[in-house]
Amino acid sequence: MSSSGESLKTQLINDACTKDGQDEAKKAMKKFLALAKAKNPSVTDCKSCHSVLSPNYPLTPDALEKFVKSGGK
Ligand code: HEC
């Protein structure tokens with residue numbers, strides 16, 4: 001975990017950002033979305049968890065909870 005600025009909360013995005021920044025994060029999220037939809041009916045698209053889709057994808061208040069409930073790490 002970094003001590004400055006926003007820190008990353010999930011293993012998925014932490015790994016992706018270490019590899020290739022936001023591009024890789026988007027790819028990982030798209031894969032994850034397919035799984036999440038199957039597991040958790042309250043997840044329908046990116047906007048189930050992100051209030052805006054750029055430039056830094058702010059999370060909805062329950063995004064992390066949904067993420068974990070949908071099998072995310
Ligand atoms: C079930 C909830 C959920 C869904 C659906 C979801 N995301 Fe995310 N997303 C998250 C969470 C939680 C994080 C924060 C990860 C972290 O901080 O470690 C995140 C982080 C990201 C990031 C990294 C943001 C940054 O800090 O640079 C991007 C990019 C992103 N998501 C894109 C998408 C896209 C594109 C979609 C649709 C294909 C999507 N997400 C769908 C929960 C979700």
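Draft legend 1. The overall build of the chain, seen in detail. Broken down by element type, the chain carries 2 helices and 0 strands. Taking 2.2 N^0.38 as the reference for a compact globule, 73 residues should give roughly 11 Å; the C-alpha atoms of the chain span a radius of gyration of 12 Å, in line with that estimate. By its C-alpha atoms, the chain is 35 × 20 × 20 Å across when sized along the principal axes. Counting over 73 residues, the chain shows a buried share of 15%. Within the chain, contacts between residues separated by at least 24 positions form 38% of all contacts whose residues are at least 6 apart in sequence.

Draft legend 2. Just unusual backbone geometry, in detail. In this model, Ser54 is joined to Pro55 through a cis peptide bond whose omega is -10°. Summarising the element assignment, Pro55 is placed in the loop between α1 (11-39) and α2 (63-69). One non-glycine residue, Tyr57, lies in the positive phi region at around 50°. Relative to the elements of secondary structure, Tyr57 occurs in the loop between α1 and α2. Judged by local crowding, Tyr57 falls into the partly exposed class, with 17 C-beta atoms found within 10 Å.

Draft legend 3. Expanded view of the site of the ligand. Residues in contact with the ligand amount to 25 residues; listed here are only the nearest, Leu8, Thr10, Met29, Cys46 and Cys49. Looking at the shell around the ligand, the elements that each hand over two or more residues are α1 and α2. Ranked by residues supplied to the shell around the ligand, first place goes to α1 with 9 residues. Grouping the amino acids of the shell around the ligand by side-chain chemistry returns 14 nonpolar, 7 polar and 4 charged.

Draft legend 4. Layout of the environment of Ala16. Residue placement: Ala16 occurs in helix α1. Expressed as a C-alpha distance, the spacing of Ala16 and Ala28, which sit 12 residues apart in the sequence, is 6.9 Å.

Calculation criteria
- Starting from 1, residues in each chain are numbered consecutively following that chain's sequence as written.
- Local features in a predicted model are, by the rule used here, given only for residues with pLDDT of at least 70; side-chain atom pairs are given and counted only at 80 or more, and totals for whole chains, interfaces and linings are based on all residues.
- Elements are defined by DSSP. Helices are runs of H or I of four residues or more, strands are runs of E of two residues or more, and each kind is numbered from the N terminus.
- Note that the radius of gyration is over C-alpha atoms, with the globule rule given as 2.2 Å times the number of residues to the power 0.38.
- Around each residue's C-beta, the other C-beta atoms within 10 Å are counted; 20 or more make the residue buried, 12 or fewer make it exposed, and counts in between make it partly exposed. All C-beta atoms are placed from the backbone.
- The contact criterion used here is simple: two residues whose C-beta atoms, placed from the backbone, lie within 7 Å are in contact.
- Being near a molecule or strand means, for a residue, that its C-beta atom, positioned from the backbone, comes within 6 Å of it.
- Here the term charged refers only to Asp, Glu, Lys and Arg, the term nonpolar to Ala, Val, Leu, Ile, Met, Phe, Trp, Tyr, Cys and Pro, and the term polar to all other amino acids, Gly among them.

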